[in-house]
Amino acid sequence: MRSCFSVRLCLQTCLCALSCQTVVFAAENIDYSNRRSYPISVEPFFTAGIALGDIDGDGDLDMVEANGRHWPQANYIYFNAENRGLTKRVQLGAYERTAYTVKLADMDGDGDLDIVQASDKQENQIYFNDGTGQFGPAHLFGDVQSNTRSIEIADLNGDGALDILEICRGSPNLLFINDGAGRFPGMEQSDIALPVTFGDLSDRTLSVKVADMNDDGQFDLILANRDGGQNKILLGRANLQFGPAIPFGSGEDDTRGLVVVDMNDDGRPDIVTANIGEANGVILNKGNGVFDLSQRFGADTGHSYAILAHDLDGDEDMDIIVANVGGKNRVFLNDGTGQLSLLAEIGLAEHKTYALGVGDINGDGLPDIIAGNSEGANIVYFQTVQSD
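Parameters and conventions
As a convention, each chain's residues are numbered from 1 in the sequence order in which they are written. In view of the model being predicted, local features appear only for residues whose pLDDT reaches at least 70, and side-chain atom pairs are presented and counted only at 80 or more, with totals across whole chains, interfaces and linings using the full set of residues. Water and hydrogen atoms play no part in the side-chain values, which are based on all heavy atoms of the structure. The way it works is that DSSP assigns letters per residue, a run of H or I at least four long becomes a helix, a run of E at least two long becomes a strand, and they are numbered from the N terminus. Only the C-alpha atoms count toward the radius of gyration. The rule for a globule is 2.2 Å times the residue count to the power 0.38. Exposure classes here rest on a 1.4 Å probe applied to the protein chains alone. A residue is buried below 20% of its type maximum, exposed above 50%, and partly exposed in between. When checking whether two residues touch, look at their non-hydrogen atoms; a contact exists if any pair is within 4.5 Å. Here, Shrake-Rupley sampling with a 1.4 Å probe gives the accessible areas, and only protein chains in the shown set may cover a residue. Two strands are counted as paired when DSSP detects at least two bridges linking them. Lines are fitted to the C-alpha atoms to define the axes, a helix being fitted only along its stretch in contact, and any angle between axes, read from their N-to-C directions, falls within 0 to 180 degrees. The definition of a nonpolar core used throughout is a set of buried Ala, Val, Leu, Ile, Met, Phe, Trp, Tyr and Cys residues joined through side-chain atoms within 4.5 Å. Between Lys or Arg on one side and Asp or Glu on the other, a salt bridge is scored when a side-chain nitrogen of the former is within 4 Å of a carboxyl oxygen of the latter. Only protein atoms enter the 1 Å grid used here. Points where a 1.4 Å probe fits but cannot escape make up a cavity, open sets with protein on both sides within 12 Å along at least five of seven lines make up a pocket, and a residue lines them when an atom lies within 4 Å of a point. Grid points are joined across faces, edges and corners, and a volume is the space filled by probe spheres set on the points. Whenever a nitrogen or oxygen atom comes within 3.5 Å of another N or O atom, the pair is scored as a polar contact, on the condition that within protein one atom can donate a hydrogen and the other can accept it, and that pairs from neighbouring residues in sequence are kept only if both atoms are in side chains.

Novice: Which residues make up the overall build of the protein chain, and what are the values?
Specialist: Within the protein chain one finds zero helices and 30 strands. Taking 2.2 N^0.38 as the reference for a compact globule, 388 residues should give roughly 21 Å; the C-alpha atoms of the protein chain span a radius of gyration of 19 Å, in line with that estimate. Its C-alpha atoms put the protein chain at 60 × 50 × 35 Å along the principal axes. Counting only residues that meet the buried cut, the protein chain has 59% of its 388 residues in that class. Long-range contacts, defined here as pairs at least 24 residues apart, represent 48% of the contacts in the protein chain between residues at least 6 apart. For the protein chain, the exposed area adds up to about 15,200 Å²; of that, 49% sits on carbon and sulfur atoms.

Take a look at the structure:
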């Protein structure tokens with residue numbers, strides 16, 4: 001039985017990813033072969049982010065891709081045609097963006113999924129959904145000078161509205177509070193207080209997750225830092241204050257991404273990191289502020305740029321998907337105790353995969369994997385299950 005520590009963040013890669021298995025499949029029968037894959041886009045975009053969700057309310061998974069990174073490019077929504085594939089493409093917004101991350105979440109409380117996109121050296125954007133998958137002009141927030149690398153979405157002040165954490169590599173990370181109607185500091189018709197900073201200037205943060213790591217009822221922030229910066233947990237306090245910090249990892253890791261999930265079914269949230277220049281790590285939460293590196297996995301000199309957790313074999317524990325640059329992407333199965341073993345390698349070694357998505361794209365009840373590639377086609381890999 002899984003714990004519910006994860007804040008019920010933004011439902012964006014979820015909707016259970018519309019893939020809730022009840023049958024356990026043996027590892028040797030699960031296949032993510034390149035034979036069962038197809039390109040979603042063929043242009044060589046600089047894709048850095050992917051979000052999956054039912055955008056148009058028709059019951060299947062659609063996709064948004066964030067393109068550009070440092071170089072402005074068009075961004076797109078791909079609508080799923082009744083589980084037949086992500087075939088209908090619509091440009092998101094009228095302008096090219098230096099997009100690094102995209103999330104799907106109900107930001108204005110009207111029951112549909114809105115799009116939140118973070119851009120480097122540009123203001124970030126919110127596109128409000130009219131309920132049918134149609135979007136108007138972007139509503140802008142944030143600083144045009146920020147080194148934005150990612151965002152996370154969670155209700156941090158408990159008012160029922162989703163807030164935004166903006167991750168700015170080498171500059172202060174920011175927390176934007178939602179006024180309940182989807183308006184944030186810096187947006188038009190907003191008189192909300194300025195954003196709250198978290199972390200410090202020594203952080204080179206690439207990713208943040210939100211979870212109650214010490215079971216005190218407060219949400220904590222888990223920071224992944226690059227460039228040898230210390231990865232850390234900022235313990236939550238009252239009034240949106242965070243600290244002191246609990247370090248995890250070696251203190252010299254070059255961590256680009258992480259997931260926070262219960263890996264060993266003990267009811268406590270654990271951390272799994274995606275690292276550059278070293279193997280990735282499973283860090284188990286032992287309680288009382290102790291976080292133990294229990295396993296290194298992946299290549300010792302790998303360059304892992306993204307990571308996702310999902311139950312891929314239906315056994316009710318969290319498996320791990322890792323996106324790599326300079327090597328094939330890898331899928332690892334969890335044995336239920338937090339120990340991972342390699343299930344499959346997908347894609348090509350020359351792919352530069354910056355982003356991942358997972359969900360049931362074709363309506364067969366099995367979780368498929370989407371690789372968001374920089375300078376190459378984005379590709380969906382369908383899971384197939386061989387009979388015994």
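Novice: Describe the sheet that holds strand E24 (residues 319-324), naming the residues involved and giving the relevant values.
Specialist: What links the strands of a sheet is backbone hydrogen bonding, and the strands pair in either a parallel or an antiparallel sense. Pairing in this open sheet of four strands is antiparallel, and the strands run E23-E24-E25-E26 from one edge to the other. A strand with exactly one partner marks an edge of an open sheet, and here the two such strands are strand E23 (304-310) and strand E26 (340-346). Across the sheet, the mean angle separating the axes of adjacent strands is 20° when strand polarity is ignored. Sheet analysis places E23 next to E24, joined by six bridges and oriented antiparallel. Paired with Ile307 across the bridge in E24 is Val322.

Novice: Please give an account of the sheet that holds strand E6 (residues 86-97) that cites residues and values.
Specialist: Sheet architecture is open: four strands sit in the order E3-E4-E5-E6, paired in antiparallel fashion. The sheet terminates laterally at strand E3 (47-53) and E6, the two strands that pair on one side only. Looking at each pair of strands side by side, their axes are set apart by 20° on average, direction ignored. With three bridges joining them, strand E4 (residues 62-67) and strand E5 (residues 73-80) adopt antiparallel strand pairing. Note on E5: the bridge partner recorded for Val64 is Ile77.

Novice: Explain the nonpolar core to me, using residue names and the numbers behind them.
Specialist: Core analysis: the biggest nonpolar cluster contains 18 residues, and Tyr32, Leu312, Ile321, Val331, Leu343, Leu356 and Ile369 have the highest contact counts within it. Every element with two or more residues in this core is listed here: E23, E24, strand E25 (329-334), E26, strand E27 (353-359), strand E28 (368-373) and strand E29 (379-381). Per element, the largest residue contribution to this core is three residues, and it comes from E26. Look past the residues within four positions of Leu343 in its chain and what remains in contact with it is Ala27, Ile30, Tyr32, Val331, Phe332 and Leu333.

Novice: Break down the pattern of salt bridges for me, with residues and values.
Specialist: Evaluated as defined, the whole model comprises 16 salt bridges. Between Arg268 and Asp266 there is a salt bridge, with the nearest N and O atoms lying 3.2 Å from each other. With a relative accessible area of 30%, Asp266 lands in the partly exposed category. The salt bridge partner of Glu278 is Arg296, with a shortest N-O separation of 3.4 Å. Remark: Arg296 occurs in strand E22 (residues 290-297) and Glu278 occurs in the loop between strand E20 (270-275) and strand E21 (280-287); sequence separation between them is 18 residues. Note on Glu278: relative accessible area 17%, which makes it buried. Here Arg296 falls in the partly exposed class, since its relative accessible area comes to 37%.

Novice: Please provide a residue-by-residue account of empty space enclosed by the protein, values included.
Specialist: Inspection of the entire model under this criterion finds two cavities of 30 Å³ or more. Taken as a whole, the second largest cavity holds about 40 Å³ of empty space. As for the second largest cavity, its lining consists of Asn231, Gly249, Asp253, Thr255, Thr273, Asn275, Gly281, Ile283, Leu293 and Arg296. Sorting the residues of the lining of the second largest cavity by element identifies E20, E21 and E22 as the ones contributing at least two each.

Novice: I'd love a proper account of unusual backbone geometry, names of residues and values included.
Specialist: Residues other than glycine predominantly adopt negative phi, and peptide bonds predominantly adopt the trans conformation. With omega at 10°, the peptide bond leading from Gly243 into Pro244 counts as cis. Structurally, Pro244 is set in strand E18 (residues 242-248). A positive phi is found at Asp215, a non-glycine position, where the angle reads about 60°. Inspection of the secondary structure assignment puts Asp215 in the loop between strand E15 (205-211) and strand E16 (220-225). Backbone geometry places Glu316, a non-glycine residue, at a positive phi of 70°. Here Glu316 lies in the loop between E23 and E24. Overall, the relative accessible area of 58% leaves Glu316 in the exposed class.

Novice: I'd like a description of the side chain of Thr47, backed by residues and values.
Specialist: As for its position among the elements, Thr47 is in strand E3. For Thr47, a relative accessible area of 0% corresponds to the buried category. A polar side-chain atom of Thr47 sits 2.6 Å from a polar atom in the side chain of Asn67. One polar contact links Thr47 to Asn378, side chain to side chain, over a distance of 3.1 Å. Setting aside chain neighbours within four positions, we find Thr47 in contact with Glu65, Ala66, Asn67, Tyr354, Gly372, Asn373, Ser374 and Asn378.

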